[in-house]
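Structural overview
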Amino acid sequence: MKFHEMEINQVEKALDTDFSSGLSPEAVKKRLAKHGLNELQEGEKQSALLLFFSQFKDFMVLVLLAATLLSGLLGEYIDAVAIIAIVIINGVLGFFQERRAEKSLQALKELSAPQVSVLREGQWMKIPSKEIVAGDIIKFTSGDRIGADVRIIESRSLEIEESALTGESVPVSKHIDSLKTINPGIGDMENIAFMGTMITRGSGVGVVIATGMKTAMGQIADLLQNAQTQETPLQRRLEQLGKILISVALILTVLVVAIGVLQGHELYMMFLAGVSLAVAAIPEGLPAIVTVALSLGVQKMIKRNAIVRKLPAVETLGCASVICSDKTGTMTQNKMTVTQLWSGGNTWTVDGVGYHPQGEFYRENTRVHPKDEKALQQMLIFGMICNNSDLVMKDEDYILDGDPTEGALLVSAMKAGFDRTNLLDEFTIIKEFPFDSSRKMMSMHVKDKQGRNFIVTKGAPDVIIGKSESILWDGKTQYLGQHIQGQVQEAINNLASNALRTIAIAFKPIPTNTVILSEQEAEKKLTFIGVQGMIDPPRPEVKDAVKECNDAGIKTVMITGDHVITAKAIASQLGILTKKSKVLDGNALSTMSVEELEEVVDDIAVFARVSPEHKLKIVKALQNRGHIVAMTGDGVNDAPAIKAADIGVAMGITGTDVAKEASSLVLLDDNFATIKSAIEEGRNIYENIRKFVRYLLASNVGEILVMLFAMILALPLPLVPIQILWVNLVTDGLPAMALGLDRPEEDVMKRKPRSPNEGVFARGLGWKVVSRGFLIGIVTLLAFIIVYDQNPDNLAYAQTIAFATLVMAQLIHVFDCRSEKSVLSRNPFGNQYLVWAVISSLALMIAVIYYPPFQPIFHTLPILAKDWLLIIGLSSIPTFLLAGSFLLRKTK
Ligand SMILES: Nc1ncnc2c1ncn2[C@@H]1O[C@H](COP(=O)(O)OP(=O)(O)OP(=O)(O)O)[C@@H](O)[C@H]1O
Ligand SMILES: [Ca+2]
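What comes next concerns the included structure. What you see is a predicted model; the values in this text were computed from it and never measured.

1. As for the overall build of the protein
Helix and strand counts for the protein come out as 32 helices and 28 strands. With the C-alpha coordinates of the protein rotated into their principal frame, the extents come out at 115 × 75 × 50 Å. Within the protein, buried positions represent 54% of all 892 residues. Considering only intrachain contacts with a sequence separation of at least 6, the fraction spanning at least 24 residues in the protein is 71%. Accessible surface computed for the protein: about 39400 Å², of which carbon and sulfur atoms make up 58%. In the protein, which carries 88 positive and 96 negative side-chain charges, the distance between the mean positions of the two groups comes to 3 Å.

2. So, the site of ligand 1
Neighbouring residues of ligand 1: 20 residues in total, closest Lys327, Thr328, Asp403, Arg501 and Thr560. Within the contact set of ligand 1, a nitrogen atom lies 3.0 Å away from a side-chain nitrogen or oxygen of Asp403. Asp562 is positioned such that a nitrogen or oxygen atom in its side chain is 3.1 Å from an oxygen atom of ligand 1. Against a free-state accessible area of 610 Å², the protein chains account for coverage of 91% of ligand 1. Of all the elements in the fold, those that place two or more residues in the shell around ligand 1 are β18 (453–459) and β21 (501–510). Broken down by element, the shell around ligand 1 gets its largest block of residues, 3 residues, from β21. Considering only residue class, the shell around ligand 1 consists of 5 nonpolar, 6 polar and 9 charged.

3. Description of the nonpolar core
Of all hydrophobic cores here, the largest spans 123 residues; its most connected members are Leu665, Ile689, Phe692 and Phe803. Of all the elements, helix α25 (residues 672–712) adds the most residues to this core, at 15 residues. Not counting chain neighbours up to four residues away, the residues in contact with Phe803 comprise Leu719, Gln723, Trp726, Val727, Met845, Val848, Ile849 and Thr860. Residues Met336, Ile381, Ile385 and Val411 belong to the second largest nonpolar core, which totals 38 residues.

4. Here's the deal with the pattern of salt bridges
Going through the model one piece at a time under the given rule, you end up with 40 salt bridges. Of the charged contacts, one joins Glu360 and Arg367 as a salt bridge, the two residues approaching to 3.0 Å between their closest N and O atoms. Across the pair Arg763 and Glu687 runs a salt bridge whose closest N-O atoms are separated by 3.3 Å. Taken as a pair, Arg763 in the loop between α27 (733–740) and α28 (765–790) and Glu687 in helix α25 lie far apart in primary sequence, 76 residues in all. When its relative accessible area of 35% is taken as the criterion, Arg763 is described as partly exposed.

5. Observations regarding the packing of aromatic side chains
Enumeration according to the criterion identifies 11 aromatic pairs in this entry. An angle of 70 degrees between the planes, with centres 6.5 Å apart, marks the rings of Phe382 and Phe427 as edge-to-face. Of this pair, Phe382 sits in helix α12 (residues 374–385) while Phe427 sits in strand β16 (residues 427–436); the two residues are 45 residues apart in sequence, bridging distant segments of the chain. Assessed through its relative accessible area of 3%, Phe382 is described here as buried. Taken together, the ring pairs in this structure connect Phe382, Phe427, Phe454 and Phe507 into an aromatic cluster. We note Lys371 situated over the ring of Phe418; from NZ or CZ to the ring centre the distance is 4.9 Å.

6. Here's the deal with a nonpolar patch on the surface
On the surface, Ile251, Leu255 and Ile259 cluster together into a nonpolar patch covering about 290 Å² of accessible area. Relative to the helices and strands, Leu255 is located in helix α8 (residues 233–262).

7. Structural notes on the pairing of strand β26 (residues 629–633)
Counting buried positions along β26 yields 5 of 5 residues, so the element is predominantly enclosed. Neither face of β26 is exposed, since Val629, Met631 and Gly633 on one face and Ala630 and Thr632 on the opposite face are all buried. Here 3 bridges tie strand β9 (residues 322–326) to β26, and the two strands are oriented parallel to one another. Within the sheet, the bridge partner assigned to Val322 lies in β26 and is Val629. Two strands pair when backbone bridges link them, and β26 and strand β27 (residues 647–651) are joined in this way by 4 bridges, in the parallel orientation. Paired with Met631 across the two strands is Gly648, which belongs to β27. Of the crossover connections in this fold, the one passing from β26 over helix α23 (residues 639–644) to the parallel β27 is right-handed.

8. A short note on helix α10 (residues 286–303)
Relative to the 26 Å expected for 18 residues at 1.5 Å per residue, α10 spans 26 Å between its end C-alpha atoms, a close match to the ideal helical length. If you check which residues of α10 are buried, you get Leu286, Ile289, Val290, Thr291, Val292, Ala293, Leu294, Ser295, Leu296, Gly297, Val298 and Met301. Taken from the residues just after α10, Asn305 is the one with a positive phi, measuring 75 degrees.

9. Topic: the pairing of strand β22 (residues 526–535)
β22 sits mainly inside the fold: 9 of its 10 residues count as buried. Looking at chain direction, strand β10 (residues 337–343) and β22 are connected through 5 bridges and run antiparallel. For Thr337, the partnering residue across the bridge sits in β22 and is Ile535. Of the strand pairs in this sheet, strand β19 (residues 468–473) and β22 are connected by 3 bridges, and their pairing is parallel. Its bridge partner being in β22, Ser468 is matched across the sheet by Leu526. Sheet topology places β21 next to β22; 7 bridges connect them, and they run antiparallel. Within the sheet, the bridge partner assigned to Arg501 lies in β22 and is Met534.

10. Notes on the sheet that holds strand β28 (residues 665–667)
Hydrogen bonds between backbone atoms are what pair the strands of a sheet, whose relative direction is either parallel or antiparallel. Across the sheet, which stays open at both edges, the 8 strands sit in the order β8-β28-β27-β26-β9-β23-β25-β24 with mixed pairing between neighbours. Only two strands of the sheet have a single partner each, and these edge strands are β8 (306–308) and β24 (582–585). When the angles between neighbouring strand axes are averaged without regard to direction, this sheet yields 20 degrees. Across the sheet, helix α19 (residues 564–573) is in contact with β23 (555–559), β24 and β25 (604–608); its angle to β25 comes to roughly 140 degrees.

11. Quick word on the side chain of Asn831
Its place among the elements puts Asn831 in the loop between α29 (795–816) and α30 (832–850). Side-chain polar atoms of Asn831 contact the backbone oxygen of Ala738, separated by 3.2 Å. At 3.0 Å, the side chain of Asn831 forms a polar contact with the side chain of Asp742. Those residues in contact with Asn831 that sit more than four places away from it in its chain are Ala738, Leu741, Asp742 and Arg818.

12. A closer look at the side chain of Thr566
Tracing the backbone through its elements, the reader meets Thr566 in helix α19. If we ignore the near neighbours within four places in the chain, the residues touching Thr566 are Ala496, Ala499, Leu500 and Arg501.

13. Examining the packing of helix α26 (residues 721–731) against α29
The interhelical angle for the contact between α26 and α29, taken along N-to-C directions, is 20 degrees, at an axis separation of 11 Å. Classified by the interaxial angle, the pair formed by α26 and α29 is roughly parallel. Of the two elements, α26 crosses α29, and the hand of that crossing is right-handed. Taken together, the residues of α29 that come into contact with α26 (itself represented by Gln723, Trp726, Val727 and Thr731) are Gln799, Phe803, Leu806, Val807 and Leu811.

14. Quick notes on the environment of Pro511
In this fold, Pro511 is placed in the loop between β21 and α17 (519–522). You can call Pro511 exposed: its relative accessible area is 54%. Expressed as a C-alpha distance, the spacing of Pro511 and Asp551, which sit 40 residues apart in the sequence, is 61 Å.

15. Some details on the packing of α10 against α25
For the pair α10 and α25, the least separation of the axes is 10 Å and the interaxial angle reads 160 degrees. Relative to α25, the element α10 is oriented roughly antiparallel. Of the two possible hands of crossing, α10 and α25 adopt the one that is right-handed. Here Leu286, Ile289, Val290, Ala293, Leu294, Gly297, Val298, Lys300 and Met301 of α10 come into contact with α25, specifically with Ala678, Glu681, Gly682, Asn684, Ile685, Ile689, Phe692, Val693 and Leu696. Per-class residue counts for the contact of α10 with α25 are 13 nonpolar, 3 polar and 2 charged.

Here is what the cut-offs are and how they apply
- Residues numbered from 1 in each chain as written.
- Chains lettered and ligands numbered in written order.
- Predicted model: local features only at pLDDT ≥ 70, side-chain atom pairs only at ≥ 80, totals over all residues.
- Heavy atoms only, no water.
- Helix = DSSP H or I, 4+ residues; strand = E, 2+ residues; numbered from the N terminus.
- Buried < 20%, exposed > 50% of the residue type's maximum accessible area, 1.4 Å probe, protein only.
- Contact = heavy atoms within 4.5 Å.
- Areas by Shrake-Rupley, 256 points an atom, 1.4 Å probe, with all protein chains shown as cover.
- Lys, Arg positive; Asp, Glu negative; His and termini not counted.
- Charge placed at Lys NZ, Arg CZ, Asp CG, Glu CD.
- Near = heavy atom within 4 Å.
- Polar contact = N/O pair within 3.5 Å; in protein donor to acceptor, adjacent residues only side chain to side chain.
- Nonpolar A, V, L, I, M, F, W, Y, C, P; charged D, E, K, R; others polar.
- Core = buried A, V, L, I, M, F, W, Y, C linked by side-chain atoms within 4.5 Å.
- Salt bridge = Lys/Arg side-chain N within 4 Å of Asp/Glu carboxyl O.
- Phe/Tyr/Trp six-rings, centres within 6.5 Å; stacked < 30°, edge-to-face > 60°.
- Lys NZ or Arg CZ within 6 Å of the ring centre and 35° of its normal.
- Patch = residues over 30% accessible without salt bridge, like charges linked within 9 Å, V, L, I, M, F, W, Y side chains within 5 Å.
- Pairing = 2+ DSSP bridges.
- Right-handed = clockwise from strand over helix to strand, strands pointing away.
- Expected span 1.5 Å × (residues − 1).
- Axes fitted to C-alpha atoms, helices over the stretch in contact; angles between N-to-C directions.
- Parallel < 35°, antiparallel > 145°, perpendicular 65-115°, else oblique.
- Left-handed = near helix turned anticlockwise from the far one by under 90°.

In short, shape yes, function no, at least from these values alone.
Here is the structure:
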């Protein structure tokens with residue numbers, strides 16, 4: 001018999017498990033050993049060897065190799081071999097760096113891998129989805145993606161969308177009964193939930209019947225997603241730049257060779273010149289350093305509780321101009337405590353802290369016994385029944401398992417001495433209509449001991465009041481007329497203006513044995529009982545984060561399902577709502593078109609009483625106004641907006657799998673302040689990349705100019721190719737890497753967000769590269785000319801001096817690159833990595849000049865102490881010139 005044909009107790013036997021306590025650790029171990037981890041085999045992974053060779057498929061490197069081979073054919077064997085050696089060493093380094101970057105991305109993937117609630121040894125616990133085995137009992141609720149194939153054993157309005165398997169996007173309801181159909185298709189197996197499908201509504205419990213490749217999903221091989229590494233926009237732009245540089249290099253080479261040969265120079269000499277130019281023009285070390293800088297940045301973000309799921313987001317973060325954030329749990333602590341209750345014209349207060357179920361009730365400052373207050377008692381009891389949360393004792397402390405809003409209602413009832421287990425003895429739950437953020441309420445159909453049936457509803461008061469036709473007032477059910485409605489509204493507004501979150505409780509008696517099928521049927525003609533108001537204190541760090549964002553030109557917008565007045569109160573406390581900004585509520589929002597919203601959206605700081613569906617509209621309107629939008633979310637219905645936003649942000653703790661999958665950033669701590677930190681890191685990474693692009697390219701410009709000017713002046717070449725290569729890959733490489741680790745300038749969070757269309761050379765970077773490159777080229781050439789003039793017979797000596805001047809000029813230049821302004825605006829030695837990198841590069845240069853075995857390879861000669869005076873003098877000119885001009889401009 002197949003699992004779908006069995007009754008659930010037969011399933012329990014067949015799988016040798018226990019529905020009330022789950023599997024034992026021993027059983028899990030055995031099953032894991034037998035069937036393996038619950039994983040789908042991934043598509044082909046890039047092997048290490050392939051990754052190694054891919055380092056050389058880089059077009060830049062190919063040009064280089066070809067050119068060197070040719071020069072080898074022309075007889076310069078040492079050169080050819082040395083250049084190839086450098087290229088290989090670079091390839092090996094690139095390989096290890098990329099491997100590390102890949103590993104850290106892999107670790108990221110694991111950090112954001114789905115978790116499953118599983119019952120083992122009588123305890124519910126969260127474990128990674130890959131550790132579940134057949135026979136495990138797992139539970140799932142709306143928004144989860146199912147981690148294995150399971151036979152359903154409990155269903156509360158469970159609906160599952162199976163399009164990943166069947167292509168059908170209409171959700172299917174699931175139940176626990178055995179199926180009689182013979183060979184049903186996947187879409188008809190109404191008591192099985194399949195791996196990879198998604199819960200759109202309700203919740204349930206199931207027992208795992210298949211894992212890994214044995215699941216229905218595992219059998220459809222072509223659906224398996226291959227992890228794709230994505231390039232960021234900047235990486236793409238740099239790649240294009242690389243191609244342009246190569247073309248320029250090739251054209252220059254051809255020109256130089258052609259002109260030279262026409263003028264009667266030796267073909268070999270001209271060819272050497274051409275190769276030198278090509279080597280000089282190409283920033284060989286750049287791509288690897290960019291990759292490393294990005295992966296280091298991603299790691300820094302993890303340390304600050306932000307997980308980047310899509311690499312391009314690292315850059316986009318720095319462009320964000322609006323953050324749209326949920327309120328509850330993201331800006332507030334999501335630790336709710338009922339403090340005020342209202343019913344039939346009476347207001348009570350309750351004291352006590354957190355989830356500790358101890359506290360007293362007061363009416364107008366006099367202590368009362370809740371069991372003497374009929375309406376209060378009614379409201380507390382129903383709040384406890386229409387509730388799915390649990391309060392569990394752990395180490396002398398009360399821990400909430402479930403939704404904090406419901407937890408607060410449990411606690412308020414417990415303070416009055418009610419007990420959930422006793423109540424559930426008195427009231428049997430017949431059917432549940434679960435909460436959703438669009439309806440903003442939930443209901444239960446219950447039956448009491450005497451056989452009377454009720455609908456018990458709780459939800460947003462302003463919504464419930466519209467569904468009520470009567471109200472409990474002075475112990476009697478009265479018609480809910482205009483006048484009383486006004487009084488109720490006033491009471492709700494009163495609670496809300498104290499920043500309290502409000503939940504109304506209502507009910508209605510129904511005839512015995514009626515079957516209520518839909519929530520529309522259940523949630524009408526209700527009798528309003530009262531309202532419970534709960535505090536949810538703001539997270540202390542949010543206020544500062546909002547301010548920092550504001551200074552950084554980033555607007556914070558609160559989007560909440562909560563009451564307009566509650567939202568206003570909290571938004572003002574946090575500095576989100578100011579005198580200039582406005583509040584818009586969900587009703588107004590739903591009647592507006594995106595175009596109409598666009599007109600006003602820039603003025604709005606708070607969207608209240610919105611449904612998740614509205615979020616997409618908000619994102620679109622903001623984007624049409626030219627904003628780069630970060631949007632947070634946690635539920636299934638938030639996914640479209642998260643996907644549409646420039647930076648989709650999902651909650652790590654309360655977020656559903658679906659929301660996480662749609663997101664590009666996951667907040668491990670659900671905290672608004674973490675978004676700010678991620679933006680800060682994002683800006684910093686981008687600035688650091690700009691720093692070393694500036695640094696490396698100035699070197700290339702300098703090198704090209706030295707060679708070109710020398711050719712124009714009919715001088716011999718001041719640098720040989722291997723020296724240039726050594727500079728580009730080694731002595732420039734280390735400091736460039738250190739720039740990638742640089743701390744941000746003080747004002748990164750004081751600048752306006754950058755435009756996402758900004759090119760590599762924006763904000764004066766192009767000018768900085770060219771002007772500095774020009775100066776470096778000139779001083780290098782000067783050093784060469786001065787020494788070559790003194791003894792024209794010793795070309796290698798003059799070349800060594802030029803080489804040292806170039807390296808020194810760059811090692812001084814690197815300190816300028818730490819700041820967008822001037823070398824003087826920051827402590828030049830503030831970056832330790834950089835200091836060590838510069839020292840290492842100096843040592844390497846000295847080794848190349850003075851260590852005899854290196855001399856023939858690098859065409860160097862040991863130079864004298866007095867030569868260093870010339871070298872240092874000349875190589876520091878550019879920094880002095882630029883710092884001087886900066887000071888001049890400043891004093892003007
Ligand atoms: N479990 C629940 N049962 C009944 N009503 C609820 C429940 N949770 C919330 N509500 C009501 O529905 C309203 C909307 O809740 P929703 O979860 O959509 O947004 P929120 O949590 O208030 O705000 P945010 O969007 O900032 O997280 C709440 O203000 C509350 O009145
Ligand atoms: Ca919410």
